Amino acid sequence: MPESFDEQAELIWSHICSILASAGMGVNNLVSLRTYLADPKYDEANARMRLKQLGSHRVSSTVVCCRLLEPKWKLEVEAVAAA
């Protein structure tokens, strides 16, 4: 797992896009995101990353700040898509 928030987020979004593509979908099929941040200080970076990945596509979004299972993780993302 990369050390920086941005690198972790890029890796997660790369996996999300790969999973969506394998189902014949893209980020425009996302309808809901739930992001778990290890620290509230990552909120601004998370918002920038979401904008970078989604562009003008808007989804239902929840951000939760909590202790994550692995101390090295800065975030986890749960994504729901619909065809």
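Note: the structure precedes this text.
This report concerns the structure included in the present document. The model shown is predicted, which means the values in this text are computed figures rather than measured ones.

Thresholds, definitions, all that
- Residues numbered from 1 in each chain as written.
- Predicted model: local features only at pLDDT ≥ 70, side-chain atom pairs only at ≥ 80, totals over all residues.
- Heavy atoms only, no water.
- 1 Å grid on protein atoms, 1.4 Å probe; cavity = no way out; pocket = protein on both sides within 12 Å on 5 of 7 lines; lining within 4 Å.
- Points joined across faces, edges and corners; volume = space filled by probe spheres on them.
- Helix = DSSP H or I, 4+ residues; strand = E, 2+ residues; numbered from the N terminus.
- Nonpolar A, V, L, I, M, F, W, Y, C, P; charged D, E, K, R; others polar.
- Pairing = 2+ DSSP bridges.
- Right-handed = clockwise from strand over helix to strand, strands pointing away.

Let us look at empty space enclosed by the protein. This structure, assessed with the given rule, holds one cavity of 30 Å³ or more. Of the volumes computed, that of the largest cavity is approximately 30 Å³. The wall of the largest cavity is formed by Trp-13, Leu-33, Thr-35, Asn-46, Arg-50 and Val-77. Only β1 (30-37) and α2 (43-54) provide two or more residues apiece to the lining of the largest cavity. For the lining of the largest cavity, the class distribution of residues is three nonpolar, two polar and one charged.

Across six bridges, the pairing between β1 and strand β2 (residues 60-65) is parallel. Looking at the pairing, Ser-32 lines up with Ser-60 of β2. Traced from β1 through α2 to β2, the parallel crossover comes out right-handed.

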